[in-house]
Amino acid sequence: MPFLPLASQAGRIHVCAHRGHSVAAPENTLPALEAAAALGATVAEIDIVLTRDDRLVVLHDEILDRTTDGSGRVSALDLAEIKRLDAGAWFSPTFAGARVPALEEALATAHSYKMGLLIEIKERQRPDIMIECLARLLTTENALDDVMVISFDHVSLVRLKHRLPAIRTELITHARHADPVAMAERAGAASVSVEWNMFDARDAIALHAAGIALRVTIPRPEHLTLRHEYGFDDESRLAAHLAAGHIDVLAGDDTVYLSQLVGVASAAH
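For clarity, every value in this text was computed on a predicted model and none was experimentally measured.

Caption draft 1: Spatial organisation of the pairing of strand β1 (residues 14–18). Along β1, five of the five residues are buried, which leaves the element largely enclosed by surrounding structure. Alternating positions in β1 separate into two faces, H14, C16 and H18 on one and V15 and A17 on the other, with burial throughout. The pairing of β1 with strand β2 (residues 43–50) spans three bridges and is classified as parallel. Residue H18 lies in a different strand from β2, and its bridge partner there is E45. The β-α-β motif built from β1, the intervening helix α2 (residues 30–38) and the parallel element β2 has right-handed crossover chirality.

See below:
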């Protein structure tokens, strides 16, 4: 089944695991993707950067220090060298030996679980090479129906769309824009992503009327629990908008929590 970002087309609200099930597995690794799929994610968000030999690897940062036992720039090493690094022990000894996946490995894993992928461009040093490598790989892997390419860098998404017209893109923004429909249409985007505290139902209704999907990213449950102690009822608000069909994709680090919110809203609907 292809990944259809609009809930009205997919027949369900998507549960999107941010960097995989990243509360319980090292982000952007195959174990994180596998855990997400097992816990009900229908799509996962991952990040990509370029190696020295122009291979696409699944990493959030352009340096290795935070999520591997290596150091320095990703672009200073070839894929084979990066593959020798440990990308799991920093998170927990349980995941020692986990490796940095090449993008094609993540594509294959997601496909085996019938899970879509949101591929976020994090490469800032060589965006033109990134676009060319990504366009070639997605075409070679016959993955266009299974993915959507996303970025805060809307210019890069427009360039990718020119290079690969069939690709679907999503504009990420932390701001609430005056006219999100015009913004998306100008970029030829299929979806817009906003943070939970920038969500407004009127924007969702306008986007849906234009055939554009809306993804909303929420924080981890402990943050919402703390806010609830101070009188904010974020869960009820989210549940109401999910039940009303305003949100197509609910994203976050905790797949279990996301699945519960979507499940309650779907039952109410």
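Next, the rest of the story.
Caption draft 2: Just unusual backbone geometry, in detail. The backbone of R19 shows a phi angle near 60°, a positive value even though the residue is not glycine. Looking at the element boundaries, R19 is found in the loop between β1 and α2. Look at R19 and you get buried, because its relative accessible area is 16%. A positive phi angle, close to 60°, is found at N28, a residue other than glycine. Tracing the backbone shows N28 in the loop between β1 and α2. Residue class for N28 comes out buried when judged on its relative accessible area of 3%.

Caption draft 3: Structural context of the side chain of R168. With respect to the element layout, R168 can be found in the loop between α6 (154–163) and β6 (169–173). Although buried, R168 forms no salt bridge, and the nearest oppositely charged side chain, D145, lies 5.5 Å from it. Here F3 takes part through its backbone oxygen, which lies 2.5 Å from a polar atom of the side chain of R168. Among all residues touching R168, those that are not within four sequence positions of it are F3, L4, P5, L144, D145, D146, V147, M148, V149, K161 and A190.

Caption draft 4: Representation of helix α10 (residues 234–243). If you check which residues of α10 are buried, you get D234, L238, H241, L242 and A243. The first or second residue beyond α10 is G245, which carries a positive phi of 80°.

Caption draft 5: Looking closely at the pattern of salt bridges. One pass over the structure, following the stated rule, counts 20 salt bridges. One salt bridge connects D78 with R52, and the closest N-O pair in it is separated by 3.1 Å. Of this pair, D78 sits in the loop between β3 (56–58) and α3 (79–82) while R52 sits in the loop between β2 and β3, and the two are 26 residues apart along the sequence. Residue R176 pairs with D203 through a salt bridge whose shortest N-O separation is 2.7 Å. Taken together, the residues span a long stretch of sequence, with R176 in the loop between β6 and α7 (180–187) and D203 in helix α8 (residues 201–209) at a distance of 27 residues. Classification of R176 by relative accessible area gives partly exposed; the value is 41%. Via salt bridges that share partners, R19, E27, D47, D61 and R66 belong to a single interconnected network.

Caption draft 6: Examining the nonpolar core more closely. Judged by nonpolar contacts, the single largest core of 62 residues is most densely connected at L56, L103, L117, I119, L134, L138 and I218. When near neighbours in sequence (up to four residues on either side) are disregarded, L117 contacts L33, V43, A44, I46, A106, L107, A110, D146, V147 and M148. Of all hydrophobic cores here, the second largest spans eleven residues; its members include L59, I82, V100 and A102.

Cut-offs used in this document
Residues numbered from 1 in each chain as written. Predicted model: local features only at pLDDT ≥ 70, side-chain atom pairs only at ≥ 80, totals over all residues. Heavy atoms only, no water. Buried < 20%, exposed > 50% of the residue type's maximum accessible area, 1.4 Å probe, protein only. Helix = DSSP H or I, 4+ residues; strand = E, 2+ residues; numbered from the N terminus. Pairing = 2+ DSSP bridges. Right-handed = clockwise from strand over helix to strand, strands pointing away. Lys, Arg positive; Asp, Glu negative; His and termini not counted. Salt bridge = Lys/Arg side-chain N within 4 Å of Asp/Glu carboxyl O. Polar contact = N/O pair within 3.5 Å; in protein donor to acceptor, adjacent residues only side chain to side chain. Contact = heavy atoms within 4.5 Å. Core = buried A, V, L, I, M, F, W, Y, C linked by side-chain atoms within 4.5 Å.

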